[in-house]
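# Reading the structure
Next come the chains, spelled out residue by residue.
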There are 2 protein chains.
Amino acid sequence: MVDKPLSGIRVLDLSRVLAGPYATMLLGDLGAEIIKVEAPNGGDDSRGYGPFIGEESAYFMSLNRNKKSVVLNLKADRSKAILKDLARVSDVVVENFRPGTMERLGLGYEVLSKANPRLIFASCTGFGNTGPYAGKPAYDIIVQGMGGIMSINGQPDGPPTRVGVSIGDIAAGLYTAVGVLAALEERHRSGLGQFIDVSMLDCQLAILENAIARHLISGEIPGRLGNRHPTITPFTSFPTLDGMVIVGAGNDTLFFRLCNAIGAPEIATDPRFKTNPLRCQYWDELEPQLKEVFREKTTREWIEILEAQGLPCGPINTMDQVVGDPQVEARGMLVELEHPVAGKHVVTAPPYKFSRTNPSVDTAAPVLGQHTEDVMKELLGMSDEAFALCRGAGCFSM
Amino acid sequence: MVDKPLSGIRVLDLSRVLAGPYATMLLGDLGAEIIKVEAPNGGDDSRGYGPFIGEESAYFMSLNRNKKSVVLNLKADRSKAILKDLARVSDVVVENFRPGTMERLGLGYEVLSKANPRLIFASCTGFGNTGPYAGKPAYDIIVQGMGGIMSINGQPDGPPTRVGVSIGDIAAGLYTAVGVLAALEERHRSGLGQFIDVSMLDCQLAILENAIARHLISGEIPGRLGNRHPTITPFTSFPTLDGMVIVGAGNDTLFFRLCNAIGAPEIATDPRFKTNPLRCQYWDELEPQLKEVFREKTTREWIEILEAQGLPCGPINTMDQVVGDPQVEARGMLVELEHPVAGKHVVTAPPYKFSRTNPSVDTAAPVLGQHTEDVMKELLGMSDEAFALCRGAGCFSM
């Protein structure tokens, strides 16, 4: 067995769909053992989300690689005892039910932490476990809307726009992973686990960068800027002869070099454009001048010219271009897996390399309940008879 | 001193602008001591980015709360020795120079890990330390363009659109924090640090959700969908009498309840709209029917009606509405700090609560070099004379 950063850590994963499963995917890629507990009636909802390969959800498969699947009918009393047994031998629980659901099942943090005081219990919910909205249901697009990001995403003359990926879930998944790992570090000192209450809405505020500050300082309400950065200029895209090119000149030196590289040194010396605050202020005058120049060559030509000068630039890639990109290939960012039913399919790799204990994607997502028997017998030490009894008691089925 | 998850962990932070500082902000909020090392000529570039309070950058202040600032002129030999001394007493180094920069300074991972084999060294760069683009400069918008997210963000009839926050940096910052924390856990087993190579471009692929899978399975090139979810319907916004309302009906039961709640039960029973795959397929027929209904009441009225039925829904908030939201207030998501020069200002809080060792925002961002003398004398034990000598040797100035 190859050593990974989280080898030896066991995560009991009761989460569904995206935020929770994204967090446990990160932990699993890093080497933690992820035991995904699913309900018997079809399991994780996202097993029904497209795109599909045959009848298997590629949505589910991409998020649940490196995990084991155990079916437990948590309405059966004996299943609750099994879940407690699993919590006793786990380091972490991750769940994303609505606040109070685990308590109603008799499996809340208080109960499980009594069974295992070292247990770290992360609850990832739409609005957190406290406050007036705590009980409300939420999905990605709800917290994207309420958290403000949609109001600053889109074209200046267009409507508020959902971010094209489920950043409401993904940000919360990342913060859940950070929270769990920080609590693991703390446990080395205290010997104790703790409860972590992650709110998707709060995570939206945490990724707003400086939009709240901009509003509170000036009273202005930040709007949509298309491809422009709110406070750095030029940091945007320009139409070319055959598409678009992105240019990021983050400081005055780069702006000077940019103007020279594109054959327009007179722009760099124009007193209206000398500093970044001035360029932001006089953008309406600067933009048409740059646009006129960039219209004259193809995207590929501009990238060659700008790269030769070491200037930050790039294309706007579509997915076919992303998967064909030589850097993406060189970094091994696309991994082929063999799923027992769907067969060969591709998922993205972890986006970092560790020098000694590198994370990796090793096994395809499980079919529903693929590891129920193994986990019951090998991890919990159930005899064949005990397993049959639990099965008879409806622990593993509807 | 209040105990926090990362109390006792010291991070030497050589990073600038956003991705690296965002990572160390997370670690600092969680209780790590962050020693930010800045160059003497103005320090971190983002000290020059708006919005400003007086002459102080609110952009910088929001990212660098809970940190100390030390000025070191890394071109002076004696400063390099000081940096090595700091690395010797630190647990983590975070830097986001281009690959090779730290090596050229004689301060690469190999050198610093010899001084301190327990050191975890995270390098967060545009394209990672390997591959054909490794040496290229990158900013947020460059990797947003190259990573594909812009091609799926925006309105169907509009251009590819930059995500309205610097998600290229923020995703990389989050992954850098995850990587550092995972390496800390591993260090408890091995006693050793390691090098972590985080690529902003790779992080963009890691947050694409299922867009790459959609392309590879069908050959289709995912485009822009406005506020729609690619595979869940209805999961979008609708115009109302006075604005917009977001509705997320993630499964068939919720869709049925939604149609009844809005007084259009005939939509729910239409065979074209019975299942999620059908609703995705017949969206062009479904959308106008739902649009017609939602146009009849105000956003507030719809939210009341839908909430009464427990249906996931919400408004699209602008920044003034976000800061005035009762849930945001109840969760304590806005924290007022007192900066020595800028005075009172507001930053966002960490988006999670820990039951025993809660992260928090305690101190405002430092002015440039605010802690140079303290760190040299108290942490490195420099005498007054040694400090004066270093100052004379140009360690702390241009």
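None of these values were measured; they are calculated from a predicted model. (Residues numbered from 1 in each chain as written. Chains lettered and ligands numbered in written order. Predicted model: local features only at pLDDT ≥ 70, side-chain atom pairs only at ≥ 80, totals over all residues.)

### Notes on the overall build of chain A
Per the secondary structure count, chain A includes 18 helices and 14 strands. If one aligns the C-alpha atoms of chain A with their principal axes, the spans along those axes are about 85 × 45 × 40 Å. Classification of the 398 residues of chain A by burial places 55% in the buried group. By sequence separation, contacts in chain A at least 24 residues apart represent 69% of the contacts at least 6 residues apart. (Helix = DSSP H or I, 4+ residues; strand = E, 2+ residues; numbered from the N terminus. Buried ≥ 20, exposed ≤ 12 C-beta atoms within 10 Å, placed from the backbone. Contact = placed C-beta atoms within 7 Å.)

### Considerations on the nonpolar core
In this structure, Val178(A), Val178(B) and Val180(B) are the most contacted members of the largest nonpolar core, which totals 235 residues. Not counting the four nearest positions on each side in its chain, Val178(A) is found in contact with Leu26(B), Leu174(B), Ala177(B), Val178(B) and Leu181(B). (Core = buried A, V, L, I, M, F, W, Y, C linked by C-beta atoms within 7 Å.)

### A word on the relation of the copies chain B and chain A
For the pair chain B and chain A, the best superposition has an RMSD of 0.0 Å and corresponds to a rotation of 180 degrees with a translation of 0.0 Å parallel to the axis. Such a combination of turn and shift is consistent with a two-fold rotation axis. With an isologous cut-off of 70% or more, the 99% of interface residues of chain B that recur at the interface of chain A puts this contact in the isologous class. (Least-squares fit on C-alpha atoms with pLDDT ≥ 70 in both.)

### Concerning helix H1 (residues 19-29) of chain A
All names here are of chain A. Across the 11 residues that make up H1, a large majority, 11, are buried. Taken residue by residue, H1 has Ala19, Gly20, Pro21, Tyr22, Ala23, Thr24, Met25, Leu26, Leu27, Gly28 and Asp29 as its buried positions. Just beyond H1, the residue with positive phi is Gly31, at close to 110 degrees.

### Section: the packing of helix H7 (residues 167-190) of chain A against helix H7 (residues 167-190) of chain B
It is the contact of H7(A) with H7(B), at a shortest axis distance of 9 Å, that shows an interaxial angle of 25 degrees. Taken together, H7(A) and H7(B) sit at an angle that is classed as roughly parallel. Once H7(A) is placed against H7(B), the crossing between them reads as left-handed. Across from Ile167(A), Leu174(A), Ala177(A), Val178(A), Leu181(A), Ala182(A), Leu184(A), Glu185(A) and His188(A) in H7(A), the residues of H7(B) making contact are Ile167(B), Leu174(B), Ala177(B), Val178(B), Leu181(B), Ala182(B), Leu184(B), Glu185(B) and His188(B). (Axes fitted to C-alpha atoms, helices over the stretch in contact; angles between N-to-C directions. Parallel < 35°, antiparallel > 145°, perpendicular 65-115°, else oblique. Left-handed = near helix turned anticlockwise from the far one by under 90°.)

### Quick notes on the packing of H1(A) against H7(A)
Residues and elements named next belong to chain A. The geometry of H1 relative to H7 is characterised by a closest axis approach of 7 Å and an angle of 45 degrees between their N-to-C directions. Comparing their axes, H7 and H1 come out oblique. The interaxial crossing formed by H1 with H7 has right-handed handedness. Contact residues: Ala19, Gly20, Tyr22, Ala23, Leu26 and Leu27 in H1; Asp169, Ile170, Ala172, Gly173, Thr176, Ala177 and Val180 in H7. Looking at the contact of H1 with H7, its residues break down into nine nonpolar, three polar and one charged. (Nonpolar A, V, L, I, M, F, W, Y, C, P; charged D, E, K, R; others polar.)

### Topic: the domain arrangement of chain A
In terms of domains, chain A is made up of domain 1 (10-207 + 328-392) and domain 2 (235-317). The gap between the C-alpha centroids of domain 1 of chain A and domain 2 of chain A is 43 Å. (Domains from an automatic or database assignment.)

### What about the interface of chain B and chain A?
On the chain A side, the residues contacting the 125 residues of chain B number 125 residues. In terms of residue count, the dominant contributor to the side of chain B that touches chain A is H7(B) (14 residues). Taken together, the residues of the side of chain B that touches chain A sort by class into 71 nonpolar, 40 polar and 14 charged. Sheet topology note: the strand E14 (residues 352-354) of chain A/strand E8 (residues 195-199) of chain B ladder contains three bridges and is antiparallel. Bridge pairing in E8(B) links Tyr352(A) to Val198(B). (Pairing = 2+ DSSP bridges.)

### Concerning the environment of Arg214(A)
Position of Arg214(A) relative to the elements: it lies in helix H9 (residues 211-218). Considered as a pair, Arg214(A) and Pro230(A) are 16 residues apart in the sequence and their alpha carbons are 9.5 Å apart. With sequence-adjacent residues up to four places away left out, Arg214(A) is seen in contact with Glu220(A), Pro222(A), Pro230(A) and Pro51(B).

### Topic: unusual backbone geometry
Gly50(A) connects to Pro51(A) through a cis peptide bond whose omega is 0 degrees. With respect to the helices and strands, Pro51(A) occurs in the loop between strand E2 (33-38) and strand E3 (52-53). Note the cis peptide between Thr233(A) and Pro234(A), where omega equals -5 degrees. Position of Pro234(A) among the secondary structure elements: in the loop between H9 and strand E9 (235-239). Its identity is not glycine, yet Val17(B) carries a phi of approximately 70 degrees, on the positive side. Tracing the sequence through the fold places Val17(B) in the loop between strand E1 (10-13) and helix H1 (19-29). For Glu209(B), which is not a glycine, the phi torsion comes out positive at approximately 65 degrees.

### Quick notes on the sheet that holds strand E9 (residues 235-239) of chain B
All names here are of chain B. If you trace the three strands from one edge of the open sheet to the other, you get E9-E10-E11, paired in antiparallel fashion. Where the open sheet ends on each side, the last strands, each with one partner, are E9 and strand E11 (313-314). Pairing between strand E10 (residues 244-248) and E11: two bridges, direction antiparallel. When the sheet's bridge partners are listed, Val247 is paired in E11 with Cys313. Docked against the sheet, helix H13 (residues 283-294) engages E9 and E10, running at close to 50 degrees with respect to E9.

### So, the environment of Gly164(A)
Along the chain, the position of Gly164(A) falls in the loop between helix H6 (140-146) and H7. Between the C-alpha atoms of Gly164(A) and Asn153(A), which are 11 residues apart in sequence, the distance is 9.8 Å. Those residues in contact with Gly164(A), other than ones at most four positions away along the chain, are Ile149(B), Ile152(B), Asn153(B) and Arg224(B).

### Digging into the sheet that holds E14(A)
Spatial ordering of the open sheet is given by E14(A)-E8(B)-E7(B)-E6(B)-E1(B)-E2(B)-E5(B), a layout of seven strands whose pairing is mixed. If you trace the sheet from one side to the other, it starts and ends with E14 of chain A together with strand E5 (67-71) of chain B, each paired once. For this sheet, the mean inter-axis angle between neighbouring strands, taken without regard to orientation, is 20 degrees. Of the strand pairs in this sheet, E1(B) and strand E6 (residues 92-95) of chain B are connected by three bridges, and their pairing is parallel. Within the sheet, the bridge partner assigned to Val11(B) lies in E6(B) and is Val92(B).

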